[in-house]
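Here is how the chains run, residue by residue.
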Amino acid sequence: MTVLADVERVDESWRSWTGAHGGLLAGIALEHAGRLVPGLPARAVHVSFLSAVRSDEVRVSADLVKSGRSSSTVTARLEAGDKLALLATATFGGGDTGPDSPALALPPVPDVNDLAPFTLPPGLVPFAQHIEFRPVGSVPLSGGDSPVLTSWVRLVAPPARPESAATVLLDVLAPALYATRTTPVPIPTVELAVHFTEAAHTFPAADWAFARIHTEHATAGWCVDASELWTRDGTLIATARQTRRILAV
């Protein structure tokens, strides 16, 4: 067993509703987990969000659970104050020969340079100041018919690890139900699962990427959102699913 512990700053500008942005925290956990298996690409990360982070720093610890020839598993914990805020399990592994299957294709969309910027209200979602948005189709709170949001997105200052950048970008769009609403309600993520393609390990994290999020189902105060992320040339970077609570209607 190998354990790594550290303290990370979480700037207040990365706040979402009542706490730090979940994708950022998941990216931090993945970054620390990856330090225990240097050189290995991340293949997946599963995150449980246990309490909101409202402090300006978190204590991060990572534990190498398994180091194998084909895959390695690392767990990570984020604590804020006296509370456990996040638990993550990350899978890492090198590439090998094997069968190929076509990845999910980027849908036909306008080029990012042909679209107008879109700014989310900083008072509602402060973290949006770290992201550039060029929406395609519906925007949040537009009262549309379908719970789908799509946009070109770009991080102003991406993290060093590309997979961490992809994790953040998969969580920067509003909950897809916002496409059908005209007023905001809290729809926080309880659980997040991200799966990375080979492109995730080397994609240009400072460049534009195309993100899509859609609600697969919503009932009884819960919903599941699925999201995808592509490079500008149409290569799939990663996919994700989020289990969310709907706290008001």
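Data block above holds the structure.
Notes on the structure follow. These figures come from a predicted structure and were not determined experimentally.

Once that is clear, we can look at the pairing of strand β5 (residues 83–92). The pairing of strand β2 (residues 42–49) with β5 spans 7 bridges and is antiparallel. Note on β5: the bridge partner recorded for Ser48 is Leu87. For strand β4 (residues 72–80) and β5, the ladder comprises 9 bridges, and the chain directions are antiparallel. Paired with Ser72 across the strands is Phe92, a residue of β5.

Our next topic: the nonpolar core. The tendency in soluble globular proteins is for nonpolar side chains to be buried side by side. Val153, Phe196 and Leu229 are the most contacted members of the largest nonpolar core, which has 68 residues in total. At 7 residues, helix α1 (residues 22–34) tops the list of elements feeding residues into this core. Among residues more than four places away in sequence, those in contact with Leu229 are Val153, Ala166, Leu169, Leu170, Ala209, Phe210, Ala211, Thr235, Leu236, Ile237 and Ala238. Counting 8 residues, the second-largest nonpolar core is a separate cluster that includes Leu115, Val136, Trp152 and Trp208.

Positive phi, close to 65°, is recorded for Leu141, a residue that is not glycine. With respect to the helices, strands and loops of the structure, Leu141 is situated in the loop between β6 (131–136) and β7 (148–155). The class of Leu141 is partly exposed, set by a relative accessible area of 28%. Unusually for a residue other than glycine, Ala220 sits at a positive phi of about 55°. Structurally, the position occupied by Ala220 is in the loop between β9 (209–219) and β10 (222–231). Residue class for Ala220 comes out exposed when judged on its relative accessible area of 71%.

Our next topic: the packing of α1 against helix α2 (residues 162–169). Helix-helix packing: each pair is described by the crossing angle between the helix axes and the interaxial distance. Here α1 crosses α2 at 160°, and the two axes come no closer than 8 Å. Classed by the angle they form, the pair α1 and α2 counts as roughly antiparallel. Seen along the crossing, α1 lies across α2 with a hand that is right-handed. Together, Gly23, Leu24, Ala26, Gly27, Leu30 and Glu31 of α1 and Glu163, Ser164, Thr167 and Val168 of α2 make up the contact between the two elements.

This paragraph deals with α2. Because the α-helix completes a turn every 3.6 residues, residues three or four places apart line up on one side. With respect to burial, α2 is a largely interior element, 8 of its 8 residues being buried. Residues Pro162, Glu163, Ser164, Ala165, Ala166, Thr167, Val168 and Leu169 constitute the buried set of α2.

Conventions used here
Residues numbered from 1 in each chain as written. Predicted model: local features only at pLDDT ≥ 70, side-chain atom pairs only at ≥ 80, totals over all residues. Heavy atoms only, no water. Pairing = 2+ DSSP bridges. Helix = DSSP H or I, 4+ residues; strand = E, 2+ residues; numbered from the N terminus. Core = buried A, V, L, I, M, F, W, Y, C linked by side-chain atoms within 4.5 Å. Buried < 20%, exposed > 50% of the residue type's maximum accessible area, 1.4 Å probe, protein only. Contact = heavy atoms within 4.5 Å. Axes fitted to C-alpha atoms, helices over the stretch in contact; angles between N-to-C directions. Parallel < 35°, antiparallel > 145°, perpendicular 65-115°, else oblique. Left-handed = near helix turned anticlockwise from the far one by under 90°.

Note that every value here comes from positions in space, so none of it alone points to a role or purpose.
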